[in-house]
Amino acid sequence: MGDVVQMHFTTPDYVIFALLLVASTCIGLFYALSGGRQRTTQEFLLADRSMSCLPVSLSLLATFQSAVAILGAPSEIYTYGTQYWFLGVSYFLGLLIPAHVFIPVFYRLRLTSAYEYLELRFNKTVRIMGTVTFIFQMVIYMGVVLYAPALALNAVTGFDLWGAVLAMGLVCTLYTTLGGLKAVIWTDVFQTIVMFAGQLAVIIVGAHQAGGMGEVWRKAMNGSRIASLDLNPDPTERHTFWTLGVGGVFLMLALYGVNQAQVQRYLSSRTEREAVMSCYVVFPCQQVVLCLGCLMGLVMFARYGEESPLDKGYVKTNDQATKHLGELLESWKYNDYSNFSSCLQMVLYFVMDVFRDLPGLPGLFVACLFSGALSTISSAFNSLATVTMEDLIKPYCPAMTEAKATLLSKGLALAYGLVCLTMAYVASLMGSVLQAAFSIFGMVGGPLLGLFCLGMFFPWANSTGAIVGLVAGLAMAFWIGIGNFVSRMAVPTPLLPIINATTMPLRGNMTTAVMTTLITSITAKPKPTGVQALYNLSYLWYSAHNSTTVVIVGLIVSLLTGPMKEKDLTPGTVYPVLGNLLFFLPERYREKLCCVTPLSHKPKAINTQPYQMAQESNGVAQHKEEEKIEKDKKDEERATPQPSCRLAHTVQETAL
């Protein structure tokens, strides 16, 4: 490996990459020309609420499995070891809580946008604030998700940068605009299979060339890359068991509990049971994805050890793209890696090196990589079109016909596709300004999670508390994020020292290990204190810290301005967690704490037929229908004793 080499693609690689784009486009065209042909907003935005468990679960998996995540996990393992693998512990609660708390509330209210809940629970102002925050979060994020993998590929292989960006952006915009949510979900299924195939191919071929998985594991242990259980409770430590296992739960809740892209998939399910089952199916799939990323990192370490061929100069890269990639990804996951951009390139070089004599397989991995990007940005387009239509347009245009609403929804999906390409172009011009793009995604997710938790778990929280809490959470998030960014820019963070290993080093390496430990102890940085400690908070605690800020501030303001009374709550908007936890208290005390009203029962109509929207108006449900529902509700209550606040077959439309 002494000669400088330029990695490049062959014709079969380009053919496989082209097949991915063609197949995705064909799926979009199929759903544009079949079924109801996307003529209603229910079909375009919610797939007619007719999706089954398996495609929904695979779409949930693919939505945030971006190309950066596919590259990032092996890079993490190669650089720091397997401590990151403990993130799988957080998947238990991170998926069980959405399945049994968030899904029942959202599904039984018959929502289209998750932010409709905020108006039902608080008021229109809170709903609009939540919607605008989400739009800001996703618009910033999707451009970088599209641009970063193309830039990394260009840096290593010379693959045409803007050819890849435009091909992905335009194809994704096309099938999302034509096929609606059905096309997005089924392309996610196809792209998930491609992602699994690409990663498995790399692991199998790479492990075989390294001498088998046993040899890979042995080299990883000798190289101190097999990490032991780190129970250090310090929240400023980047990765520990508590950081990954507890902090990761809040990160998962922000993604799988209240994010519109995921909620929209739950609501597209045929029944509530299938929506819940989709969360259960995602759990083993997430574990498999995590294992594949970690194994790929270990195979890469077994092949190269600690000395990267990129660092040695054996590989010729696009210097300008390399520099820009470093600027753009410097704050990925909010914590600086001094060589993280080179690690991303290292993964791509590793793939090209492993598949050097196997034409077509490099193209398979690139298809895997861009499948991650396509699944993420298509979900962003569709969810952004949904919240814009349902939360910002329909409430102010109640007389809009179904045909116009559907056409406008498609126009919004197209517009957001063009915005994504624009953001990718902005990223190419101002990479240093957009270093915090990934951080913004996490910084905004925490406060939104806190806002939904405030409304769902605390019945006495009012709209004033929700508004002040959200503003406080966002202010705290950006203060910590910007403070962390500025402090890192002032003092570059060195590469982390040797990892805690489950085995002692070999006898020949004992002196090196002891000297490394001594030098590390002598040169260790002083523990940050005060505000600096807050700036050094591990990125996995961001969601927990910011959501807790929203809840605490919201509750204090609510109590000071007059808490809500139980009779003023919209039935079905509060999950009775306090009522279940405080079951031992007498009813009069629980009544004072607003924790008597149970969650509404499952309406039979939801499980038997898709919800049909009003034909004449897309804003408020028809007055006659409301009267009929109210009459049926009263008759039912007279016939059978029910809880004081039962939600029967109430239809919740977008504008209330």
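Just so it is clear, the structure is predicted and the values come from calculations on it, not from any experiment. (Residues numbered from 1 in each chain as written. Predicted model: local features only at pLDDT ≥ 70, side-chain atom pairs only at ≥ 80, totals over all residues. Heavy atoms only, no water.)

A look at the overall build of the chain
This is how it is decided: Counting from the N terminus, the helices are DSSP H or I runs at least four residues long and the strands are E runs at least two residues long. Think of it in three bands: with a 1.4 Å probe and only protein chains considered, a residue is buried below 20% of the maximum accessible area for its type, exposed above 50%, and partly exposed in between. The contact rule is simple, with two residues in contact once any of their heavy atoms fall within 4.5 Å. Calculation of accessible area relied on Shrake-Rupley with a 1.4 Å probe; when residues are assessed, cover is drawn exclusively from the protein chains displayed.
Secondary structure summary: the chain contains 26 helices and zero strands in total. The buried share of the chain, taken over its 656 residues, is 59%. Sequence separation of 24 or more characterises 87% of the internal contacts of the chain that already satisfy a separation of 6 or more. Surface exposure of the chain reaches about 25,800 Å², of which carbon and sulfur atoms provide 66%.

Things to note about the pattern of salt bridges
Pairing of side chains with opposite charge becomes possible as their charged atoms draw close. Put simply, the rule is: Salt bridge, as applied in this entry: a Lys or Arg side-chain nitrogen positioned within 4 Å of an Asp or Glu carboxyl oxygen.
Considering all chains together, one arrives at 11 salt bridges under this definition. For the salt bridge of Lys-124 with Glu-119, the shortest nitrogen-to-oxygen distance reads 3.4 Å. Among the salt bridges present, the one from Arg-127 reaches Asp-391, with a minimum N-O distance of 2.7 Å. In this pair, Arg-127 is assigned in helix H7 (residues 124–157) and Asp-391 in helix H16 (residues 361–393), connecting sequence segments 264 residues apart. When sorted by exposure, Arg-127 lands in the same class as Asp-391, which is buried. Each of Glu-119, Lys-124, Arg-127 and Asp-391 takes part in a single network of salt bridges with overlapping partners.

A few points about a nonpolar patch on the surface
Using the following cut-off: Note that patches include only residues with greater than 30% relative accessible area and no salt bridge, and the join distances are 9 Å for like charges and 5 Å for nonpolar side chains (Val, Leu, Ile, Met, Phe, Trp, Tyr).
On the surface, Val-89, Phe-92, Leu-93, Leu-96, Met-277 and Tyr-280 cluster together into a nonpolar patch covering about 510 Å² of accessible area. When contributions to the nonpolar patch are tallied by element, the ones reaching two or more residues are helix H5 (91–108) and helix H12 (272–304). Tallying contributions element by element places H5 first for the nonpolar patch, with three residues.

Structural notes on the environment of Ser-463
Following the sequence through the fold, Ser-463 ends up in helix H19 (residues 463–490). With 337 residues separating them in the primary sequence, Ser-463 and Val-126 have C-alpha atoms 6.9 Å apart. Sequence-distant contacts of Ser-463, that is, excluding residues within four places in its chain, are made with Phe-122, Asn-123 and Val-126.

Focus on the environment of Ala-227
With respect to the element layout, Ala-227 can be found in the loop between helix H9 (213–222) and helix H10 (241–256). Here the alpha-carbon distance between Ala-227 and Phe-86, two residues 141 residues apart in the chain, equals 9.8 Å.

A short note on the packing of helix H3 (residues 53–63) against helix H11 (residues 260–267)
Spelled out, the test is: A fitted line through C-alpha atoms represents every axis, and for helices the fit uses only the stretch in contact; the resulting angles, taken between N-to-C directions, go from 0 to 180 degrees. Relative orientations are named as follows: roughly parallel for angles under 35 degrees, roughly antiparallel for angles over 145 degrees, roughly perpendicular for angles from 65 to 115 degrees, and oblique for any other angle. Each residue gets one of three labels, nonpolar for Ala, Val, Leu, Ile, Met, Phe, Trp, Tyr, Cys and Pro, charged for Asp, Glu, Lys and Arg, and polar for the others, Gly among them.
Where H3 meets H11, the closest approach of the two axes is 10 Å, and the angle between their N-to-C directions is 175°. Regarding the angle of H3 to H11, the classification is roughly antiparallel. Here Val-56, Ser-59, Leu-60 and Thr-63 of H3 lie close against H11, whose contacting residues are Ala-261, Gln-262, Arg-265 and Tyr-266. Within the contact of H3 with H11, the residues separate by chemical class into four nonpolar, three polar and one charged.

What to know about the side chain of Ser-371
To be explicit about the condition: Nitrogen and oxygen atoms within 3.5 Å of one another constitute a polar contact, given that in protein one can donate a hydrogen and the other can accept it, and given that sequence-neighbouring residues count only through two side-chain atoms.
Locating Ser-371 in the fold gives a position in helix H16. Residue classification places Ser-371 among the buried residues on the basis of a relative accessible area of 0%. At 2.7 Å, the side chain of Ser-371 and the backbone oxygen of Ala-367 are in polar contact. Other than its neighbours up to four places away in sequence, Ser-371 contacts Leu-20, Gln-191, Val-194 and Met-195.

Observations concerning H11
Since there are 3.6 residues in each turn of an α-helix, residues three or four apart along the chain are aligned in direction. For H11, the tally of buried residues reaches eight of eight residues, placing the bulk of the element in the interior. When H11 is considered as a whole, its buried residues turn out to be Gln-260, Ala-261, Gln-262, Val-263, Gln-264, Arg-265, Tyr-266 and Leu-267.

What about the packing of aromatic side chains?
Note the threshold: Stacked, tilted and edge-to-face are the three classes applied to pairs of Phe, Tyr and Trp rings, where Trp contributes its six-membered ring and a pair requires centres within 6.5 Å; stacked means planes under 30 degrees apart, edge-to-face means over 60, and tilted covers the rest. Ring-over charges, as used throughout, are those where CZ of Arg or NZ of Lys falls within 6 Å of the ring centre and within 35 degrees of the ring normal.
With the rule as written, the count across this model stands at 20 aromatic pairs. Consider the rings of Tyr-304 and Tyr-349, whose centres lie 5.9 Å apart with planes at 35°: the pair is tilted. Placement of Tyr-304 in helix H12 and of Tyr-349 in helix H15 (residues 340–354) is noted, with a sequence separation of 45 residues between them. Three or more aromatic residues link up through ring pairs in this structure, and these residues are Phe-102, Phe-106, Tyr-115, Tyr-117, Phe-134, Phe-452 and Phe-457. Above the face of the Tyr-80 ring, Arg-238 is positioned so that its terminal group lies 4.6 Å from the ring centre.

A closer look at the confidence of the model for the chain
Worth spelling out the cut-off: Confidence per residue, as judged by the predictor, is encoded in pLDDT with a range of 0 to 100.
Averaged over every residue, the pLDDT of the chain is 77; residues scoring 70 or more account for 73%. Confidence drops under a pLDDT of 50 for residues 321–340, and excluding neighbours within four residues, the segment shows 75 contacts in the predicted structure. Here residues 636–656 scores under 50 on pLDDT; set against residues more than four positions off or in separate chains, the count is 56 contacts.

Let's talk about unusual backbone geometry
The phi dihedral of Arg-49 is positive, around 50°, even though this residue is not glycine. Counting through the fold element by element, Arg-49 comes out in the loop between helix H2 (41–46) and H3. Of note in the backbone geometry, Ser-224 takes a positive phi value of approximately 55° without being a glycine. Along the chain, Ser-224 falls in the loop between H9 and H10. Under the relative-accessibility criterion, Ser-224 is labelled buried at 12%.

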